[in-house]
Amino acid sequence: MDGAQKQHPSIMVSIHYTDDWDNQEAALNALENMKQNDVDVVYPAGDGFNIEVIQQLKEDGLFAIGYVADQAELGSGTVLTSTVQHAGKVYNWVMERQMNGTLPSGLLSFDFEDDMITLGAFSPEVDQAFKEEILTAVEHYRETGQLEASAVRP
């Protein structure tokens, strides 16, 4: 949401929670609600329904950001890119710290800064200049932890 609004401050972002990682019916109902509100890009963040939501978006001619894995194979014209979560790296990180007694207590989070999340392949629908802009913004975030406003695109 922050990245979208940094890119274009007047963009409308709609968030719908299913309260369940696996509830396909709730996810598809949320998608129907979003489509009625002219949402054109969806980030279906749920292991048990992301593929079904992307398949529906493909049928509807809308766009998705893939979740967990690089989901470009579900439709390069539909999946603009994916947030790829490297769970194996997280497990190794945790195991190493647990084994040497340095695992911090509490809630841990990981993202681009830690190389635990990366972007997947970009769709041909994403023009090269915008792709480079996104990759530059991700690199800036990795180095500084800050989103940087780039040129506002129409």
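Residues numbered from 1 in each chain as written. Predicted model: local features only at pLDDT ≥ 70, side-chain atom pairs only at ≥ 80, totals over all residues. Heavy atoms only, no water.

For the protein chain, the name recorded in an unreviewed UniProt entry is Transcriptional regulator, with Jeotgalibacillus soli as its organism. One UniProt comment on the protein chain, placed under Subcellular location (unreviewed entry), says "Cell membrane". (UniProt positions renumbered as here; feature names shortened; annotations may be inferred.)

Quick look at the nonpolar core now. In this structure, Leu31, Met34, Val42, Val53, Ile54 and Leu57 are the most contacted members of the largest nonpolar core, which totals 14 residues. At four residues, helix H2 (residues 24-36) tops the list of elements feeding residues into this core. (Core = buried A, V, L, I, M, F, W, Y, C linked by side-chain atoms within 4.5 Å. Buried < 20%, exposed > 50% of the residue type's maximum accessible area, 1.4 Å probe, protein only. Helix = DSSP H or I, 4+ residues; strand = E, 2+ residues; numbered from the N terminus.)

This brings us to a negative patch on the surface. A surface patch of like charges, here negative, comprises Asp19, Asp20, Asp22 and Asp47. With a relative accessible area of 35%, Asp20 lands in the partly exposed category. (Patch = residues over 30% accessible without salt bridge, like charges linked within 9 Å, V, L, I, M, F, W, Y side chains within 5 Å. Areas by Shrake-Rupley, 256 points an atom, 1.4 Å probe, with all protein chains shown as cover. Salt bridge = Lys/Arg side-chain N within 4 Å of Asp/Glu carboxyl O. Lys, Arg positive; Asp, Glu negative; His and termini not counted. Charge placed at Lys NZ, Arg CZ, Asp CG, Glu CD.)

This part is about H2. The end-to-end C-alpha distance of H2 is 18 Å, a good match for the 18 Å that 13 residues give at a rise of 1.5 Å each. Of the positions making up H2, those classed as buried are Ala27, Ala30, Leu31 and Met34. For H2, the angular spread of the buried residues around the axis is 105°, confining them to a single face. Facing away from the buried side of H2 by over 90 degrees, the exposed positions are Glu25 and Gln36. Residues of H2 that are buried sit in contact with strand E1 (41-42) and helix H3 (50-60). Here H2 starts with a cap whose side-chain oxygen sits 3.2 Å from the backbone nitrogen of Glu25, and that cap is Asn23. Positive backbone phi, at 65°, marks Asp38, one or two positions downstream of H2. (Expected span 1.5 Å × (residues − 1). Arc of directions from axis to C-beta. Contact = heavy atoms within 4.5 Å. Polar contact = N/O pair within 3.5 Å; in protein donor to acceptor, adjacent residues only side chain to side chain.)

Taken as a whole and assessed by the stated rule, the structure comprises five salt bridges. Between Glu96 and Arg97 there is a salt bridge, with the nearest N and O atoms lying 3.8 Å from each other. The salt bridge partner of Arg142 is Asp115, with a shortest N-O separation of 3.0 Å. Separated by 27 residues along the polypeptide, Arg142 in helix H5 (residues 128-144) and Asp115 in the loop between helix H4 (87-99) and strand E4 (117-119) bring together distant segments of the chain. Taking the relative accessible area as the measure of exposure, Arg142 reaches 28% and is therefore partly exposed. One network of salt bridges, with partners in common, ties together Glu32, Lys35 and Asp60.

So, on to the pairing of strand E3 (residues 79-85). The buried fraction of E3 amounts to six of the seven residues, a majority that puts the element mostly inside the structure. Summarising the sheet, strand E2 (residues 63-68) and E3 pair through five bridges and their orientation is parallel. If you follow Tyr67 over to E3, its bridge partner there is Thr83. Pairing of E3 with E4, which is carried by three bridges, proceeds in the antiparallel orientation. Each bridged residue has a counterpart across the sheet, and for Val84 the counterpart in E4 is Thr118. (Pairing = 2+ DSSP bridges.)

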